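Coordinate analysis (summary)
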Amino acid sequence: MPQLGHRALPLPQSSPELARTGPRRFPLESYPLGQAFPNFFLGATRSLGYIRKAKKRYRPRGREKVGGQFRNGPPHSGWKRLSNVTSSLKAMTEMPQKTILKGLTLDELRQWVVQQGWERFRADQIFSWLYTKRARSFQEMTDIGKAVRQRLGEIADVGLLPVLKTVTSAETGTVKFLLGLRDGNTVECVYIPEKNRRTVCLSSQVGCPLGCTFCATGQMGFRRNLAAWEILEQLLVVERTIGQKLTNVVFMGMGEPLLNYQEVMRAADLISDERGISISHRKIVISTVGIVGRIRRMAEEERPYRLAISLNAADDDTRTQIMPINRRYKIHELLEAAKYYYEKTRRRVTFEYVLIRGVNDRKRDAERLVQLLRGFPCKINLIPYNETVPEYQRPSLEHVERFSRWLRPLPAPIIVRWSRGRDIRAACGQLWSEGMQERTPSPFASSGETSPA
Ligand code: SF4
């Protein structure tokens with residue numbers, strides 16, 4: 001008896017019997033593998049059938065089979081048409097792509113410049129034009145020779161994104177931008193002016209796979225990760241629009257930044273590069289719902305950015321109800337990762353707590369939160385819910401103050417952060433969903449055009 005795993009499988013027919021009766025045809029299912037994997041064989045035979053049918057269906061129309069031979073029509077005409085299509089498709093895919101220079105580090109840019117046969121200092125010039133002078137085209141880079149600029153326009157791309165829509169809050173001056181991506185998707189970023197600082201809130205993904213029930217982005221599902229240059233361009237669009245340098249950056253827009261770790265870290269490194277945008281790493285906040293492995297990785301790689309964790313509940317049941325990611329990483333695992341981060345970096349973690357009426361704003365929630373965070377050096381941001389999903393409401397001002405008082409036993413600083421774009425529906429994902437309903441097309445979507453060089 002041949003053994004396959006734990007199953008004993010009989011052969012369909014023994015050899016002496018075969019010698020006696022002569023060769024016979026067996027259904028595939030009667031062979032050992034056929035018994036073990038009937039679906040595989042069924043699938044394979046069906047696929048063969050599909051291929052045969054497809055061959056018949058796509059036989060060139062100019063050639064019909066007559067008397068077992070293809071006779072009618074000009075020879076090869078049908079195949080030729082088909083091969084024309086495939087060769088033009090091939091040509092399209094083989095078309096040289098322009099290199100998007102935004103998103104390259106200075107070292108990478110130097111390498112690229114040397115590969116083109118230019119001197120290294122050209123890279124420093126381009127880097128400065130891209131990030132400090134926020135150039136929109138190579139033609140603006142006037143300290144670079146005309147011939148080099150022309151060649152740059154042929155082989156490279158500055159990496160621009162068009163602004164499809166802006167909404168400005170009359171109350172606070174907060175501006176929300178909807179940007180068109182080149183694949184037809186759109187993404188949002190928000191400019192938040194305050195007394196002493198100018199903050200941009202950046203998106204890291206188109207949509208979000210985590211589906212927090214109170215979040216507009218969470219309701220739209222996940223489309224894709226953003227490339228570093230698409231993240232950087234959000235910031236540069238805001239700087240170009242307001243005509244001033246930003247002072248603070250928060251990764252709190254659409255998407256979970258730690259699920260797009262490489263590109264977010266690349267963008268943050270470029271934002272804090274003193275030779276370019278030069279925003280201090282202490283002013284860059286990466287906000288996560290708590291991807292535990294990535295928090296540990298941030299600590300191990302000694303990333304200098306500030307970490308904020310959206311906690312939003314002090315017990316697993318409530319947190320799972322509003323944040324499905326809690327099924328994967330329970331609160332105690334998250335806190336262990338946060339403590340590990342603190343021990344490695346000695347930087348305090350900020351816990352964000354979105355207050356939702358009747359869901360996580362009860363006295364017992366505050367008491368649990370006190371128990372949970374007692375003795376852990378951290379900061380707490382209380383954020384009254386910005387009503388984006390009709391099922392949830394924001395608590396009253398008095399109740400927010402009461403909740404804040406209940407947390408007083410904690411030595412951690414507690415800051416109440418009111419949303420600054422309520423009148424323009426500035427919570428992440430809101431403008432996106434409105435924009436998509438209006439089906440605002442990206443100017444690049446149909447033409448396949450790249451940005452002006
Ligand atoms: S809150 Fe953040 S992680 Fe949760 S769905 Fe929204 S964007 Fe994603």
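This is a predicted model, so every value here is computed, not measured.

Below, the discussion takes up the nonpolar core. Among the nonpolar cores identified, the biggest contains 110 residues, and L101, L235, F251, I271 and F351 are the most heavily contacted of them. When residues in this core are grouped by element, the largest group, eight residues, is from helix 8 (residues 228-242). Here this core spans two domains, and each of domain 2 (99-157) and domain 3 (163-437) adds at least three residues to it. Once residues lying within four places of it in the same chain are set aside, the contact partners of F351 are I309, L311, L335, A338, L373, F376, C378, K379, I380 and N381. Counting residues in hydrophobic clusters, the runner-up holds six residues, among them I192, V250, V285 and A308.

Aromatic ring pairs are described here by two measures, namely the spacing of the ring centres and the angle between the planes. Taken as a whole and judged by the stated rule, the model has eight aromatic pairs. By way of ring pairs, the aromatic residues F214, Y385 and Y392 are connected into one cluster. Here the basic side chain of K133 rests over the ring of W129, its NZ or CZ set 4.2 Å away from the ring centre. Just above the ring of Y340 sits the side chain of R296; from NZ or CZ to the centre is 4.9 Å.

In this structure, Y191 sits in strand 9 (residues 186-193). Residue Y191 is classed as buried on the basis of its relative accessible area of 7%. In the structure, Y191 is positioned ten residues away from C201 in sequence and 6.5 Å away in space, judged by C-alpha atoms. Beyond its immediate chain neighbours, meaning those up to four positions away, Y191 contacts G173, T174, V175, F177, R198, T199, V238, I242 and L246.

The next subject is the environment of K133. Mapped onto the fold, K133 is located in the loop between helix 6 (121-131) and helix 7 (146-155). We classify K133 as partly exposed; its relative accessible area is 41%. Distance in space between the C-alpha atoms of K133 and L236 is 9.7 Å, their sequence separation being 103 residues.

What follows concerns the side chain of R122. Along the chain, R122 falls in helix 6. An unpaired buried charge is present at R122: no salt bridge exists, and E119, the closest side chain of opposite charge, is 6.0 Å distant. Of note is the side chain of R122, whose polar atom sits 3.0 Å from the side chain of Q125. If sequence neighbours within four positions are ignored, R122 has contacts with V113, D143, I144, G145 and V148.

Now for the site of the ligand. What surrounds the ligand is the set C208, L210, G211, C212, C215, G218, G255 and V289. Residue composition of the shell around the ligand, grouped by class: five nonpolar, three polar and no charged.

Taken together, ten strands build an open sheet; the order of strands is 7-8-9-10-13-14-15-16-17-18 and the sheet is mixed. Unpaired on one side and paired on the other, strand 7 (163-168) and strand 18 (414-416) mark the two borders of the sheet. In this sheet, neighbouring strand axes are inclined to one another by 20 degrees on average, regardless of whether the strands run parallel or antiparallel. Here three bridges tie strand 10 (residues 198-201) to strand 13 (residues 248-251), and the two strands are oriented parallel to one another. Within strand 13, the position partnered with C201 by the bridge is V250. Relative to the sheet, helix 8 contacts strand 7, strand 8 (175-180), strand 9, strand 10 and strand 13, its axis offset from that of strand 9 by approximately 45 degrees.

Our focus in this paragraph is the packing of helix 8 against helix 9 (residues 261-272). At their nearest, the axes of helix 8 and helix 9 sit 8 Å apart, and the two run at 45 degrees to each other. One element, helix 8, and the other, helix 9, form an angle in the oblique class. Viewed along their axes, helix 8 and helix 9 form a crossing whose handedness is right-handed. For the pair formed by helix 8 and helix 9, the contact residues are A228, I231, L232 and L235 on the first element and E263, V264, R266, A267, L270 and I271 on the second. Looking at the contact of helix 8 with helix 9 residue by residue, the class counts come to eight nonpolar, no polar and two charged.

Procedures and definitions
Residues numbered from 1 in each chain as written. Predicted model: local features only at pLDDT ≥ 70, side-chain atom pairs only at ≥ 80, totals over all residues. Heavy atoms only, no water. Core = buried A, V, L, I, M, F, W, Y, C linked by side-chain atoms within 4.5 Å. Buried < 20%, exposed > 50% of the residue type's maximum accessible area, 1.4 Å probe, protein only. Helix = DSSP H or I, 4+ residues; strand = E, 2+ residues; numbered from the N terminus. Domains from an automatic or database assignment. Contact = heavy atoms within 4.5 Å. Phe/Tyr/Trp six-rings, centres within 6.5 Å; stacked < 30°, edge-to-face > 60°. Lys NZ or Arg CZ within 6 Å of the ring centre and 35° of its normal. Lys, Arg positive; Asp, Glu negative; His and termini not counted. Salt bridge = Lys/Arg side-chain N within 4 Å of Asp/Glu carboxyl O. Polar contact = N/O pair within 3.5 Å; in protein donor to acceptor, adjacent residues only side chain to side chain. Near = heavy atom within 4 Å. Nonpolar A, V, L, I, M, F, W, Y, C, P; charged D, E, K, R; others polar. Pairing = 2+ DSSP bridges. Axes fitted to C-alpha atoms, helices over the stretch in contact; angles between N-to-C directions. Parallel < 35°, antiparallel > 145°, perpendicular 65-115°, else oblique. Left-handed = near helix turned anticlockwise from the far one by under 90°.

Function cannot be inferred from these measures alone, as they are strictly geometric.
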